[in-house]
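# Structural characterization, general
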Amino acid sequence: MSLDVRLPIGGFFSLLGLLLTGYGWATLGAPGASPTGLPIDLVWGVALFVFGVAMLGLARRARKPSKERLHK
Amino acid sequence: MTTLGWVDYAVMLLYFVFVLGIGAALRRYVRTSEDFFLSGRSIPAWVTGLAFISANLGAQEVIGMGASGAKYGIATSHFYWIGAIPAMVFIGLFMMPFYYGSRARSVPEYLKLRFDEKTRALNAVSFAIMTVFSSGISLYAMGKLLHLLLGWSFDLSIFVAAGVVLAYIFLGGLTSAIYNEVLQFFLIVLGFAPLVFLGLRAVGGWSGLVARLADHATATGFAPGAYTRSWAFMGHASTNPVGVEWFGLVMGLGFVLSFGYWCTDFLVVQRAMAANSMTAARRTPLIAAFPKMLFPFLVILPGMLALVVSPTSGVRQEGQVITTSPTSTTSPTSITSTTSTTSGAPSAGIVPPKLDPRTGAPLRDAAGGVVLDYDLATPMMLLHFFPAGLLGLGLTALLASFMSGMAGNVTAFNTVWTYDLYQSYMRPGAPDTHYLAMGRFATVAGVAISIAAAYVAASFNNIMDFLQLVFAFVNAPLFATFALGMFWKRTTGHAAFTGLVAGTLAAALHHGLSLPAGASVGVKGGYLGVVTTFPSELAQTFWTAIVAWTTCFVVTILVSLVTRPRAPEELRGLVYGLTPKLVDTAVAWFQRPVTLAVVVLVVTVILNAVFF
């Protein structure tokens, strides 16, 4: 198969992480946003974004050797 | 009705876009029936491994295991550490060489190669029925949840959800299902991890949970550690919440049901068959075993926490009122956030009582105790702890679990229908494009039948108990057939068929003559007369499985001894003693199946010891 599954996974979690991070940042201090005492949207949004970017990076790294072979 | 914020809907929308996008992107790679049904046998091991586990990560896992966590405590981990890992190791090391090496396209097709046509037909028909039933349960749980949390119509919910699953399988076939299962795997893990963290934090960590569950255990007549120690109270059925003694647990769940499901169910085996090599196929269940070992912390802990967290500890401290729509035919409940508890019904932690769908009053058991709606334990945890944003992630993770479970069943159904029933008995010899078209048609039909099955599933409370019952009837005798077929060359086709029929009949007979304590005669058993009573429904299920397996095993041996076996040269690649031993040289030593198996088993023993 030509589609690396890490691409859609990385894309999804990067966007999801950005969404949650942005929302968590915008609602910092708002009533009900951190009810358990933690800015959990912000923290988990960053974690998801890092995971998504890592998956995209792995997919990109996996594509490099095949391109190099094509140029040889 | 719980009100979601725009950000929650945005998370769900993003998920649906990617799920459908994966299906659309893969459409151009589906050119042959093997692409559609078997992914062209081109998927790497880590992808098939995660899909292997994710296809099983349906409603019965997330909702059912959360429910069982609230009902039975940490003893639910037996479904993983005894009821899954040993069987996953066994199939990876010993059975996969025959599935993958025989080039069979399905488990029923392997039965045809090893035994005969009638054994294949019997398995194909029973499996097809089981998959659509399981798919219907997944769909029912999803529809109920969407109605419960978002206020969507139950009917509309299941049609929308089924439509999305249909679309991505129709477009991209098994590859689309597998890719989405991998996405769903990460979504479920990353969606539930913060729930466990917040829940444990609210009760003072693991030690706080142990202390609170000790109070709950003594209040319900058990020893203090009954909900937090997995083996210590298994000496007798009456001393643990599961209501099963150790022998019934180990033999019924750990051997018969577990090996019957993980080693013979085409739903999971199909993911390994899509792997790009024999070594990758063997590594598939072993790679899957690593996350499987840790899933109790992800799916059982939320249920245990739901039983003891304070109703005022989370996001929605004002309480939840569970109401039942009297007009519904499927008894979905609805949930309403309010500032006071208007039902006045007793509950445990945040697990609400199960309500009578007609009167709205809490249901009570024969002893007058309130019956809790354990299936709501995990959804209530999401509502309780997650703020807007994370709530969207948690709900989407739940949706993902339902979809992956349903998609797993639908892809297995369309393959068995097309290859094992349609191509074999209705229209053999047609061009490949015809079978590809039939596969897509079977996908539509499978989803349609699943929707019908969803309404049948609506009459059961604990989904896991029901699924175990189905597996006991269909799968329990099957492992005896495979074990004998793969490891005893003398086993004959007539014996396999007779053994399977006898085992299934024995299961029905045992179930019909027994009844769990407190249950009414009917679907729970006793319909042929109550000869014996079990302390719990699970105990009855485990013993039904043991009876079915033993019957099949004995009958198959006896009939084999009086019928003529096939010549050894016809069985090469199909039977252990007649197949050259595999040598894994393609991967490094630490990636080889044997190494992975040893690590998995050692960690499993450690986990059992830690929670003993």
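Everything quoted here is computed from the prediction, not taken from an experiment.

## Quick word on the overall build of chain A
Along chain A, the regular secondary structure elements total two helices and zero strands. The buried share of chain A, taken over its 72 residues, is 40%. Partitioning the intrachain contacts of chain A with sequence separation of at least 6 by distance along the chain shows that 76% fall at a separation of at least 24.

## So, the overall build of chain B
If you tally the helices and strands in chain B, you get 20 helices and four strands. For chain B, the C-alpha radius of gyration of 23 Å lies close to 25 Å, the compact-globule estimate for 612 residues. C-alpha extents for chain B along the principal axes are approximately 75 × 55 × 50 Å. Every one of the 612 residues in chain B was classed for burial, and the buried ones make up 62%. Here the analysis covers contacts within chain B between residues at least 6 apart in sequence; of these, 78% occur between residues at least 24 apart. Approximately 20,100 Å² of chain B is accessible, and the part contributed by carbon and sulfur atoms is 67%. Each charge class in chain B was averaged separately, 33 positive and 24 negative side chains, and the resulting centres sit 7 Å apart.

## Let's talk about the layout of surface pockets
If a probe as big as a water molecule is rolled over the atoms, it shows which places are left empty. Residues and elements named next belong to chain B. Taken as a whole, the second largest pocket encloses approximately 390 Å³ of empty space. Lining of the second largest pocket is provided by 14 residues; of these, Leu 93, Pro 97, Arg 282, Lys 581 and Leu 582 occupy positions nearest its centre. Those elements that place two or more of their residues in the lining of the second largest pocket are helix H6 (85-101) and helix H13 (278-308). Examining the composition of the lining of the second largest pocket, we find that four residues originate from one element, H6, more than from any other.

## Quick word on the confidence of the model for chain B
When pLDDT is averaged along chain B, the result is 86, and 91% of the positions lie at 70 or above. In this model residues 318-346 of chain B is a low-confidence stretch, pLDDT under 50, and it forms 67 contacts with partners more than four residues away in sequence or in other chains.

## Overview of a nonpolar patch on the surface
Residue and element names in this part refer to chain A. A surface patch of nonpolar side chains, about 490 Å² in accessible area, is lined by Leu 15, Leu 18, Val 46, Phe 49, Val 50 and Val 53. Breaking the nonpolar patch down by element, the ones donating at least two residues are helix H1 (6-26) and helix H2 (40-71). With respect to the secondary-structure elements, Leu 18 resides in helix H1.

## Some words on the packing of H6 of chain B against H13 of chain B
All names here are of chain B. Orientation of H6 relative to H13, taken along the N-to-C sense of each, is 165 degrees, at an axis distance of 8 Å. It follows from the interaxial angle that H6 and H13 lie roughly antiparallel. Read as a crossing pair, H6 and H13 show a hand that is right-handed. Here Ile 85, Met 88, Val 89, Ile 91, Gly 92, Leu 93, Met 96, Pro 97, Tyr 100 and Gly 101 of H6 come into contact with H13, specifically with Met 278, Ala 281, Arg 282, Pro 285, Leu 286, Ala 288, Ala 289, Lys 292 and Met 293. Class assignment for the residues of the contact of H6 with H13 results in 15 nonpolar, two polar and two charged.

## Some details on the nonpolar core
Grouped together as the largest cluster of nonpolar side chains are 210 residues, with contacts concentrated most on Phe 13 of chain A together with Tyr 99 of chain B. Excluding residues within four positions of it along the chain, Phe 13 of chain A makes contact with Leu 48, Phe 49, Phe 51 and Gly 52 of chain A together with Leu 183, Phe 186, Leu 187 and Leu 190 of chain B.

## Here's the deal with the interface of chain B and chain A
Contact with chain B, which involves 35 residues of that partner, is made by 26 residues of chain A. Summing both partners gives a buried area of about 2,900 Å² for chain B against chain A, and 84% of it is carried by carbon and sulfur. On inspection of chain B and its partner chain A, the count reaches zero salt bridges. Taken together, the residues that form the side of chain B that touches chain A break down as 30 nonpolar, four polar and one charged.

## Topic: the environment of Met 381 of chain B
Residue and element names in this part refer to chain B. Position of Met 381 among the secondary structure elements: in helix H14 (residues 377-385). On the basis of relative accessible area, Met 381 is assigned to the buried category, the value being 0%. Along the chain, Met 381 and Ala 280 lie 101 residues apart, while their C-alpha atoms are 38 Å from each other.

## Structural notes on the side chain of Ser 450 of chain B
Examined against the element boundaries, Ser 450 of chain B turns out to sit in helix H16 (residues 432-457). Once residues lying within four places of it in the same chain are set aside, the contact partners of Ser 450 of chain B are Val 132, Ser 135, Gly 136, Leu 139, Met 406 and Val 410 of chain B.

## Remarks on the pattern of salt bridges
All names here are of chain B. Within this structure, the stated rule accounts for nine salt bridges over all chains. A salt bridge links Lys 292 to Glu 61, with the nearest nitrogen and oxygen atoms 3.1 Å apart. Note that Lys 292 is positioned in helix H13 and Glu 61 in helix H4 (residues 59-72), a separation of 231 residues in sequence. Glu 61 carries the same exposure label as Lys 292, and that label is buried. Across the salt bridge formed by Asp 116 and Lys 118, the nearest N and O atoms sit 2.6 Å from each other. Taken together, the shared-partner salt bridges in this structure form one network comprising Glu 117, Arg 120 and Asp 420.

Cut-off values and rules
Residues numbered from 1 in each chain as written. Chains lettered and ligands numbered in written order. Predicted model: local features only at pLDDT ≥ 70, side-chain atom pairs only at ≥ 80, totals over all residues. Heavy atoms only, no water. Helix = DSSP H or I, 4+ residues; strand = E, 2+ residues; numbered from the N terminus. Buried < 20%, exposed > 50% of the residue type's maximum accessible area, 1.4 Å probe, protein only. Contact = heavy atoms within 4.5 Å. Rg over C-alpha atoms; globule rule 2.2 N^0.38 Å. Areas by Shrake-Rupley, 256 points an atom, 1.4 Å probe, with all protein chains shown as cover. Lys, Arg positive; Asp, Glu negative; His and termini not counted. Charge placed at Lys NZ, Arg CZ, Asp CG, Glu CD. 1 Å grid on protein atoms, 1.4 Å probe; cavity = no way out; pocket = protein on both sides within 12 Å on 5 of 7 lines; lining within 4 Å. Points joined across faces, edges and corners; volume = space filled by probe spheres on them. pLDDT = per-residue confidence, 0-100. Patch = residues over 30% accessible without salt bridge, like charges linked within 9 Å, V, L, I, M, F, W, Y side chains within 5 Å. Salt bridge = Lys/Arg side-chain N within 4 Å of Asp/Glu carboxyl O. Axes fitted to C-alpha atoms, helices over the stretch in contact; angles between N-to-C directions. Parallel < 35°, antiparallel > 145°, perpendicular 65-115°, else oblique. Left-handed = near helix turned anticlockwise from the far one by under 90°. Nonpolar A, V, L, I, M, F, W, Y, C, P; charged D, E, K, R; others polar. Core = buried A, V, L, I, M, F, W, Y, C linked by side-chain atoms within 4.5 Å. Buried area = accessible area lost by both parts, 1.4 Å probe.

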